[in-house]
Amino acid sequence: MTGFSVNRREVLAGVGSLVAWTQVPRIAHAAPGRDPRLLTIVLRGGLDGLSTVEPVGDPDYARVRAGLTLAEAGIKGIPLDSLFALNPKMPTLGKLYARGEALIVHATATPYRARSHFDAQDILESGNVRPKLTGSGWMNRALQAVTPGDAVEPQKAFAIGAQVPLIMKGKAPVLNWVPPGFSDASPDTKMRLLDIYRHVDPQLADVMQEGLDLDDMLGGEAAVTKTMRKARGMTENARARTFRVAGSVAGKALAGANGPRIGAFDLTGWDTHVAERPANGRLAQLLEGLDGMIDALHQEMRPVWADTAVIIVTEFGRTVAMNGNKGTDHGTGTLAFVLGGAVRGGRVVSDWPGLSRKALFEERDLMPTTDLRSVLKGVLRDHLDVSERALAETIFPESRAVRALDGLMV
Amino acid sequence: MPSRSVARPAPGSDISLPGARLLPEWVGMNAVLFCHSWSVQPAGVIYRACPDRTRQRPGAGPGAGPERWGRNCRRRGEGDPMVRHETITALKRFGMGPSANDALTIDGHAREWLLQQCDDPDVALIEDSRTQGSDALYRSFIGFRQMEREQGGRDDATAGMQGKQAGDRSAEAQRMERKLARANNPAFSVYRQEAELRVAKVVRTPAPFVERLVTFWADHFCVSAQHSGRIRVLTGANEREAIRPNVLGSFREMLHASARHPAMLLYLENARSRGPNSVAGQRGGNGLNENLAREILELHTLGVDGGYSQDDVTNFARILTGWSVRKFKHPLGGQFVFHKNWHEPGAFPLLGKTYDQDGMEKGVAALDDLARHPSTARHVADKLVAYFGNGTPIPALSKRLATLFMDTDGDLMSMSRALVLADELWEQPASKLLSPYEMMVAAGRALDWVPGGNEIVRALNLLGQPIWGPPSPAGWPDDSTTWLAADALLERLDWADQIASERAEAVDVRQLADALFGPALTDYTAQALRRAESRQQALALLLMSPEFQRR
């Protein structure tokens, strides 16, 4: 086994998929002069928002979170405002926040109120109010609602991972990209297979054609190998390396003049039932990895950063109290990040519910006070110029009452 | 296979089996017919046999003799297309892909062939002297980790320290060291070996339908190799010990076996869950962990819409406290243990019924009730229909299966037979794309080839479906759109091309295609195979053809 394929496996193990859509219209009615980019990252497993952005100013925090706070580990967070401090494992995010390019929404949740990962992810990704209503994702439906501008030629797109996540499934064509592993079949064999598919199985033909286009766009295996080698030099931790590669590849593609404008991928591993240790354990490593991914993304996207918004979401939060194994169980309220040069950041947006027993959801979870959909709607409306009507009807069905948040974007 | 009669017509003789139609090619041939119950299923026997090719039938026993077959025997319209359709459906939808043998021998008998596979409840067992019990495997893995730690070597947990300790050793030396450590690490060596045994079993089994059931149930009660080394070392054993012995037995037994298997208890954290009011809990330390309780309710039994609440989850977690795995240093290390001192005292309601039995009996009784709950019947029925069908719900069939589940107290042999007898599943068009694992075993069966453990692990990692390694306790997604992804499809082609480069020399691809698919092979694919520029290309195209890839 070559070192290279080990790397690749790490990428697949950690990153469910990265999908970028473009059949590529520029988006017509975005802010003047802007060619907007939107990337959504799903943290799969339920991020502990409380340990990521600690409400250190909440009088109940130290008590309800006994055993889990950074202060107990002798560690000081990065102060954000009078109430909140960021986990110091995320210095890049801290910098972006200080520059007004990162926004944190705290005590947020989708409309889902039970505690199944799988249903919660279904709702988060489908944009529905109940699970299993559709097989398509809100990002895909948002794309169908965008007013297309000039096409970017040639039509290109990409993804990481062998599977397409629900958030990007749907009618708008989506491509995925898998880091190279086996040696390439010959171009002649590819063409002959494509020919069989065209005659026998048009669906496979379409999918394969997209894959071939994608290969062209990313410049072949050599470029990817280089990215992976570079990431390997930057961190010892396999998972962090994975996250960094995901950020690099996504950033590179989204920054390209003819590259995709819209993408999504997911980072797995956030289900911290045991030994969570936000200061120096599993969650700390994950946050460090996420920060490295943000750093890689930011570096690759510098030239288009002003046109960029990155949304980072998770299916739900975790219980306020620690469980018996120094971890936390599935809980409701959590946080979301919105970052990028197009974001009016430097703020924690939160109608903070407090952490007294009575203030908790079912006396157990952080009470969600901001509907995550209002954040997503705000970004889609102001960044991509998606209409309120499409947002309320097709993208987030049954959500008329959920107003888009104003002023999220520059 | 039991109960197959063998008829051997003499050269030139007029075979007169009841109902068998003779194709002209038969005359003058020395052929072997494997068949049974001719009188019951007289239709469509003899598609095959061409005078222009001679070849030893692969896998045939002594005395099978040379046999002629090949593409010219495919007389479109002459064989019964319905029969052929049934054969292909049996081999692909209910089986693990056609092998050259089966495709020819079950024509006209597809359903009996499948039903017979359910006759032997032990047909799924893997009996191999190389396997070890999960307790021994657990001990060997933890022992290895301890030894490694004592030597200051590198492992998953200490990866971060490596850089500091390495000092001035060259990167190359470090890499070699890591490679060596990996070679000795049971988490990898055992995983490879178990993978090889499993794939060998699927490729060689006379009961591929049962193997498909094993795949289903192993995924239903999955423990993921991606979780950690100690789970990876146990994933194969979990399937051998909890799933295979019960796959044609009772759902209740399988549920019990799974819930107390060390792999599951470690994977979903129950092994360390202690009641806050138990003897141990009063002393402090670990406490309640509701992970296993939740996933048993949501994934293994009732289903997420099965009508349970958060209180039920917490109470079930209390009920299951003490279900754990013995420490590795204990003589019985790695075995299931009930720690009385960890068990939460008291009586707890679950789904409206209160469990007040002594200690472990609470959990046993709760699992018994969950196993026969109507929501469980519905959940299992729905999943089976989606798995064997093309993913779209078939409410009438689900309902029948759920009723059968209730009537037979979850008898999986009855359930399996009912699937075979469900006309709905024979009528749905083949539209599911094979998963990477299914593609690999189908290639193995088609080529009569068992890939080595390294090849299996590496290829499935690269194709995005690590063996026994789904991304979550929910198992692998059961729809082809999951795998219908642009670049992933090209990755499949690259793999198929590599297999073809290694194996094409020994294969006549056109004969193989004919043996596997007969008239079900489209003209267009047949033509492309004929025109391929090399054997390798032809084989790669066959493995990637829609006929091969769709189920």
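Above: the structure in question.
Worth saying up front: this structure is predicted, and the values here are computed from it rather than measured.

(A) The arrangement of the interface of chain B and chain A in detail. Taken together, the 63 residues of chain B in the interface contact 57 residues of chain A. For the pair chain B and chain A, the summed buried area comes to about 5,300 Å², and 56% of that belongs to carbon and sulfur atoms. Linking chain B with chain A are three salt bridges. Between Lys169(A) and Asp479(B) there is a salt bridge; the shortest N-O distance is 3.6 Å. Taken together, the links from chain B to chain A amount to 20 residue pairs in polar contact (both at pLDDT 80 or more). At the level of secondary structure, the elements contributing two or more residues to the side of chain B that touches chain A comprise helix H14 (291-300), helix H15 (310-319), helix H22 (453-462), helix H23 (486-503), helix H25 (523-531) and helix H26 (535-544) of chain B. By residue number, the principal contributor to the side of chain B that touches chain A is H23(B), which donates eleven residues.

(B) Representation of the environment of His373(B) in the model. Residues and elements named next belong to chain B. Mapped onto the secondary structure, His-373 falls in the loop between helix H16 (360-371) and helix H17 (374-388). Expressed as a C-alpha distance, the spacing of His-373 and Met-406, which sit 33 residues apart in the sequence, is 8.0 Å. Ignoring any residue separated from it by four or fewer positions in sequence, one finds His-373 in contact with Leu-302, Gly-306, Leu-351 and Met-406.

(C) Just the pairing of strand E7 (residues 102-109) of chain A, in detail. Residues and elements named next belong to chain A. Within E7, eight of the eight residues are buried, which leaves it mostly tucked inside the rest of the structure. Summarising the sheet, E7 and strand E13 (residues 334-339) pair through five bridges and their orientation is antiparallel. Among the inter-strand pairings, Ile-104 is bridged to a residue of E13, identified as Phe-337. Examined bridge by bridge, E7 and strand E14 (residues 347-349) share three bridges and lie parallel to one another. Residue pairing for E14: Val-105 is matched across the bridge by Val-349. In terms of strand pairing, E7 meets strand E15 (residues 370-371) through two bridges, oriented parallel. Paired with Ala-109 across the bridge in E15 is Asp-371.

(D) Geometry of the nonpolar core. In terms of nonpolar packing, the biggest core is built from 90 residues, with Phe94(B), Trp217(B), Phe251(B), Ile296(B), Phe316(B) and Phe388(B) touching the most fellow members. Beyond its immediate chain neighbours, meaning those up to four positions away, Ile296(B) contacts Leu255(B), Ala259(B), Thr301(B), Leu302(B), Phe316(B), Leu320(B), Leu367(B) and Leu370(B). Met208(A), Leu433(B), Leu484(B) and Phe517(B) belong to the second largest nonpolar core, which has 69 residues in total.

(E) Geometry of the packing of aromatic side chains. Residues and elements named next belong to chain B. Going through the model one piece at a time under the given rule, you end up with 17 aromatic pairs over all chains. Ring geometry for Phe-251 against Phe-405: centres 5.4 Å apart, planes inclined by 65°, an arrangement best described as edge-to-face. With Phe-251 in helix H11 (residues 251-259) and Phe-405 in helix H18 (residues 395-407), this residue pair connects regions lying 154 residues apart in the sequence. Like Phe-251, the residue Phe-405 is buried in the burial classification. One aromatic cluster is present, formed by Phe-94, Phe-209, Phe-216, Trp-217, Phe-221, Phe-251, Tyr-387, Phe-388, Phe-405 and Trp-426 through successive ring pairs. When the ring centre of Phe-336 is taken as reference, the NZ or CZ atom of Arg-260 above it lies at 5.3 Å. The ring of Trp-342 carries the charged tip of Arg-274 above its face, separated from the ring centre by 4.0 Å.

What counts and how
Residues numbered from 1 in each chain as written. Chains lettered and ligands numbered in written order. Predicted model: local features only at pLDDT ≥ 70, side-chain atom pairs only at ≥ 80, totals over all residues. Heavy atoms only, no water. Contact = heavy atoms within 4.5 Å. Buried area = accessible area lost by both parts, 1.4 Å probe. Salt bridge = Lys/Arg side-chain N within 4 Å of Asp/Glu carboxyl O. Polar contact = N/O pair within 3.5 Å; in protein donor to acceptor, adjacent residues only side chain to side chain. Helix = DSSP H or I, 4+ residues; strand = E, 2+ residues; numbered from the N terminus. Buried < 20%, exposed > 50% of the residue type's maximum accessible area, 1.4 Å probe, protein only. Pairing = 2+ DSSP bridges. Core = buried A, V, L, I, M, F, W, Y, C linked by side-chain atoms within 4.5 Å. Phe/Tyr/Trp six-rings, centres within 6.5 Å; stacked < 30°, edge-to-face > 60°. Lys NZ or Arg CZ within 6 Å of the ring centre and 35° of its normal.

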